[in-house]
Amino acid sequence: MCSRCLGSQYNEFDSGSDLTDLDTDSLEDSTSSSQYSENSSLSEASGEDSASDCGVETTPDIGQPATKRARVAETGPAPAETSSGRREKTPDLNFAVPADILLEIFSHLEPVDLLHLFCTSKAFRKVLSSENAVSVWETARVNHGGVPDCLPGMSEVGWANLLFGSSECQECGRKRTWQIDFGIRRRVCSPCLDEHLVLNSVFAREFPKYDPIIMDLIPFSSVGTSGHCHILGSCECKFFWSDDVVEMAEKLEAYLKPGTEQALEDFKQSRKKYVDLDMEEHITVCTIWADEYGDRQLSHTVKLRSQNKKLFQARLVDLGHGAKDVERMFDRRHYGVLDQELTDARWERLIPKVEHKLAELQEEWRLEDQRNVSSSRRSELFAVYQKYVRQLPQAFIPHPKIFLELRDVAEFINSPPTEDKENNVQPCCAFAERIYEFCAEYIHKKKLELTRLLALSTNALQNTSILHSRGINVPYDMLVQLATSVFQCSRSGTFPLITWDKVQYHRCSPYNASMVRKRFMARNKRFMVQDDEILASTSSCTFSISQGGVAAAHSLLSMVGLDAQTTTATTMDNLQCRFFCSNCPPKPENGGSYRLAMNWRQGVFHYVKHQDHPSHKEPCWELLSAAQLQEIQSSRTDEYPGATQQVWRCNKCDQYHERPATKVPVINHVQSHGITAPTEGIDFSYDQRVVEKPPPATKFFVTPQTNKPSKSKPSTPLKYRCQHCGGSRRKFILEGVKEHIKNKHKINSPSEGPDFYKIK
């Protein structure tokens, strides 16, 4: 596995880790933990001469397990501080030990240990940087086993730091950069490689002022950017680090002076060891070692994490925490504290913060479980409600949201979940018994609201007072059924709703009621009712008194001599009366003139529609005579709603309640219930939620027509198709297809056969 791919594997391994939830930084006072738990951070070693003064990175490194260190109890006095707040330097005891003795001791260590010592103090750094320490570094590599020799041009410290030091990008500091490019002697992340690597074929374009000989004097990589891997040793693809190019160009400037030709040649020869074939073979060995070492470290890390996870869980359970919560805490989560050895002293420091984290997670889980259970209960109650209300008459069905907001229902939804998942939703069925009572209470409440509206109206208040003065106790049911009880929905404009019978069926979109009606009533051909519209209710509507409708109803009642205080809408429906609007003059048609003969409901709609016109300041009517009424009744009127309109449904079952159909299939369906002669209004009916308007008024010609009604000229049948419009189903008349071919296909003299054909 190449180092690029290995780095991707490490990143994938860590991608699911939640290192910010409970990492080393947040749980104990130390530096950030290493990705590999065997290694200690270079900044862990304390002292005045810390890693900040050394020439290597001080972030988490890759190396062997650090020796467990015993912590000294902080029982003594705190160290004295200077006026600047810094600690006083303690005597450096390292000088008491000769350098050769130190080197002998260091020869028993491994590279990562020497690297830590190098960053501990200036004295150790001086010893380990001396020429005598080279053999110690070499021995340390042997002690570790199989570590490749140092690449030419790199110090022993730099080589150890590249292999075992920080896992951060040496260019931008990006963490968890595992891949090492030994060709350019750097540990660099992919974005930095994309930015700084220069391909030999574009060298002249990127560095036009530099001599191309530079490419023969600096190390290069055979692994390019964007995952393009090339064969090592290939002269066709070489990738150079841009900073190396600039640095080498600065060095060559010193050899451009006269008389420095031989020095320049010697310099070039000294640089060949960085780019010769033996070096590329060494790089291959280093890359293979890094891949194998990374695999071993990854395996060791996984094993250590697993062990620490079990230790954490066992100790938390011993402290009295629930086993399920503890297991859930580590389920699909990783914490940085698992990457280091868990000692008793370290555990004592971690206990408060681990328990605090567990408490936070328990609260999150409680809220999450509550949300899930509440959602399940809400869905189950909605299904129960929807199933139950389908059996009720589809008039004024409250929206399920209102049912779910009832006090005891809401308390059940938001009650804490039980251990048994089935018991969380099983009580939902018990609420079905309350739905009928709830609907009845809801209707009662809405009627009372409408009654209060009537009480606030001057006319209605006067009517109610007159009845009370007569000793008549008027129930609210009667008030909302009076012919003068005309309401309107705030979302539907001035559209009149005559009495409770129409209010209870009114359905209004919360966005645009008129658009809903247009969608249902368009061309009187198709009536599609959606589930949410079936359960939609007037809860989203605000009702008010239709002043125009009330005025029209009062004037109509006065015209027929009925008492406006007691006459119901049903009484008016049973009257065989028709009215002309006195505000509308006769309209001419076919040499004659007509007026609209309206029943009282049509009259109310007519006046409300035209009340803003100057000619309709007040409602005025003319009552049709008996002869005129007989003529109207003898004339043929269209059925309303039409049999072809999809508004019909069965009253014996709910099959067509969701999707009303045309009249014939509904009648056939009703007959399947054993009813041979279905009766409209009893066995089947139209959906009053959709059909809210009364049928159109009848034309009554006060002046006979002298001309025959003009019949529209029958259109010429479309019998032709264009041969050049392949696959088109468009039809033409003869002249039309010829014009089409001339204009679109630029054929001046189209002929039947090659250009168009007649549809058979």
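To be clear, the structure that these remarks concern was listed above.
Every chain is numbered independently, its residues counted from 1 as its sequence is written. Local features in a predicted model are, by the rule used here, given only for residues with pLDDT of at least 70; side-chain atom pairs are given and counted only at 80 or more, and totals for whole chains, interfaces and linings are based on all residues. Side-chain figures throughout are based on the complete set of non-hydrogen atoms in the structure, without hydrogens or water.

Participant: Please clarify how the packing of helix H13 (residues 323–330) against helix H14 (residues 344–389) should be interpreted in this entry.
Facilitator: Geometrically, a packed helix pair is captured by the angle between its two axes and the distance between the axes. Axes, fitted as lines to C-alpha atoms, cover a helix only where it is in contact. Angles between the N-to-C directions of the axes lie from 0 to 180 degrees. Secondary structure follows DSSP: runs of H or I at least 4 residues long count as helices, runs of E at least 2 residues long count as strands, and numbering of each begins at the N terminus. Between H13 and H14, whose axes approach to 10 Å, the crossing angle comes to 95°. Taken together, the axes of H13 and H14 lie roughly perpendicular to each other. When H13 is examined against H14, the residues Asp 325, Val 326, Arg 328 and Met 329 are found in contact with a partner set consisting of Val 354, Lys 357, Leu 358, Leu 361, Gln 362, Trp 365, Glu 368 and Asp 369. Polar here means any residue outside two lists: the nonpolar Ala, Val, Leu, Ile, Met, Phe, Trp, Tyr, Cys and Pro, and the charged Asp, Glu, Lys and Arg; Gly therefore counts as polar. For the contact of H13 with H14, the per-class residue count stands at six nonpolar, one polar and five charged. Each angle gets one of four labels, with under 35 degrees taken as roughly parallel, over 145 as roughly antiparallel, 65 to 115 as roughly perpendicular, and the rest as oblique. Any two residues whose heavy atoms approach within 4.5 Å are treated as being in contact.

Participant: Which parts of the structure should I look at to understand a negative patch on the surface?
Facilitator: Exposure above 30% relative accessible area and the absence of a salt bridge qualify a residue for a patch, where like charges join within 9 Å and nonpolar side chains (Val, Leu, Ile, Met, Phe, Trp, Tyr) within 5 Å. Residue-level accessible areas treat just the shown protein chains as cover; the underlying method is Shrake-Rupley with a 1.4 Å probe. In the sections that follow, a salt bridge refers to a side-chain nitrogen of Lys or Arg positioned within 4 Å of a carboxyl oxygen of Asp or Glu. In summary, the charge assignment counts Lys and Arg as positive and Asp and Glu as negative, without counting His or the chain termini. By convention, the point assigned to a charge is CZ for Arg, NZ for Lys, CD for Glu and CG for Asp. On the surface, Glu 171, Asp 194, Glu 195 and Asp 243 cluster together into a patch of negative charge. Positionally, Glu 195 belongs in helix H8 (residues 190–196). Only protein chains enter the accessibility calculation, which uses a 1.4 Å probe. A residue is then buried if its area is under 20% of the maximum for its type, exposed if over 50%, and partly exposed in between. Take Glu 195: its relative accessible area is 60%, and that puts it in the exposed class.

Participant: Would you mind showing me how to read a nonpolar patch on the surface here?
Facilitator: Taken together, the side chains of Val 97, Ile 101 and Ile 105 define a hydrophobic patch exposed on the protein surface, amounting to about 220 Å² of accessible area. Relative to the elements of secondary structure, Ile 101 occurs in helix H3 (residues 99–106). Among the residues examined, Ile 101 registers a relative accessible area of 40% and is labelled partly exposed.

Participant: Looking at this model, I keep getting lost on helix H26 (residues 600–610). Mind explaining?
Facilitator: Helical geometry note: an α-helix holds 3.6 residues per turn, so side chains three or four residues apart project in the same direction. By the criterion of burial, H26 is predominantly enclosed, with nine of the 11 residues buried. Residues of H26 that are buried include every one of Trp 600, Arg 601, Gln 602, Gly 603, Val 604, Phe 605, His 606, Tyr 607 and Val 608, and no others. Capping the start of H26 is the job of one residue whose side-chain oxygen sits 3.2 Å from the backbone nitrogen of Arg 601: Asn 599. Within 3.5 Å is the distance limit for a polar contact, defined as a pair of N or O atoms, with the added protein rule that one can donate a hydrogen and the other accept it, and that residues adjacent in sequence qualify only through two side-chain atoms.

Participant: What is the right way to read the packing of helix H10 (residues 242–253) against helix H11 (residues 261–271) from this model?
Facilitator: Between H10 and H11, whose axes approach to 11 Å, the crossing angle comes to 150°. The angle between H10 and H11 falls in the class roughly antiparallel. Between H10 and H11, the residues in contact are Met 248, Lys 251 and Leu 252 and Leu 264, Phe 267 and Arg 271, respectively. Class assignment of the residues belonging to the contact of H10 with H11 gives a composition of four nonpolar, no polar and two charged.

Participant: What exactly am I supposed to notice about the sheet that holds strand S8 (residues 592–597) here?
Facilitator: By way of backbone hydrogen bonds, the strands of a sheet pair with one another, either parallel or antiparallel. A pair of strands counts as paired when DSSP detects no fewer than two bridges linking them. The sheet built from three strands is open, its strands ordered S7-S8-S12 with antiparallel pairing. For this open sheet the edge positions go to strand S7 (587–589) and strand S12 (698–703), each flanked by a neighbour on one side alone. Here the strands of the sheet are splayed against their neighbours by 45° on average, with no regard to which way each runs. As judged from the five bridges shared by S8 and S12, these two strands associate in the antiparallel manner.

Participant: Quick question: what am I supposed to make of H10 here?
Facilitator: Across its 12 residues, H10 extends 17 Å between first and last C-alpha, which sits within 8% of the 16 Å expected from 1.5 Å per residue. Ser 242, Asp 244, Val 245, Met 248, Ala 249 and Leu 252 are the residues of H10 that are buried. Mapping the buried residues of H10 onto a view down its axis gives an arc of 155°, with all of them on the same face. In H10, the exposed positions angled more than 90 degrees off the buried face are occupied by Glu 250 and Glu 253. Buried positions along H10 lie against H8, strand S1 (197–199), helix H9 (203–206), strand S2 (239–241) and H11. Expected helix span is computed as 1.5 Å times (number of residues minus one). The arc under discussion is defined with respect to the helix axis, by the directions toward the C-beta atoms.

Participant: What am I meant to see in the layout of surface pockets here?
Facilitator: Put simply, the second largest pocket is a space of about 1200 Å³. Cavities and pockets are defined on a 1 Å grid built over the protein atoms alone: a cavity is a set of grid points where a 1.4 Å probe fits but cannot escape, while a pocket is an open set with protein on both sides within 12 Å along at least five of seven lines, and lining residues are those with an atom within 4 Å of any such point. Around the second largest pocket, the lining is made up of 41 residues, and of these Asn 599, Gln 602, Tyr 640, Pro 694 and Pro 695 lie nearest the centre. When residues of the lining of the second largest pocket are traced back to their parent elements, those giving at least two are helix H21 (499–503), helix H25 (569–574), H26, helix H27 (626–634) and S12. Tallied by class, the residues present in the lining of the second largest pocket amount to 16 nonpolar, 14 polar and 11 charged. Grid points are joined across faces, edges and corners, and a volume is the space filled by probe spheres set on the points.

Participant: Help me out: how do you make sense of the sheet that holds strand S3 (residues 486–489) in this one?
Facilitator: Taken in spatial order, the three strands of this open sheet run S4-S3-S5, and their pairing is antiparallel. Across the chains shown, the open sheet's two edge strands, defined by having one partner strand only, are strand S4 (496–498) and strand S5 (543–545). The sheet shows a mean angle of 40° between the axes of neighbouring strands, direction not considered. As defined by bridge partners, S3 adjoins S4 across three bridges and the pair is classed as antiparallel. Of the residues in S4, the one forming a bridge with Gln 488 is Pro 496. Seen against the sheet, helix H18 (residues 432–456) touches S3 and S5 and runs at an angle of roughly 30° to S5.

Participant: Help me understand the packing of aromatic side chains, please; the structure alone is not making it clear to me.
Facilitator: Note on aromatic pairs: each is described by the distance of the centres and the angle between the planes. Stacked, edge-to-face and tilted are the three classes for Phe, Tyr and Trp ring pairs, Trp counted by its six-membered ring, which pair at centre distances within 6.5 Å; planes under 30 degrees apart are stacked, over 60 edge-to-face, the rest tilted. Counted according to the given criterion, the structure contains 22 aromatic pairs. Connected via pairs of aromatic rings, a cluster forms that spans Tyr 385, Phe 403, Phe 438 and Tyr 442. Lying over the aromatic face of Phe 220, Lys 238 brings its terminal NZ or CZ to 4.7 Å of the ring centre. In this structure, Lys 663 is placed above the aromatic ring of Trp 648, and the distance from its NZ or CZ to the ring centre is 4.8 Å. A ring is considered to have a charge above it if a Lys NZ or an Arg CZ atom is located within 6 Å of its centre and within 35 degrees of its normal.

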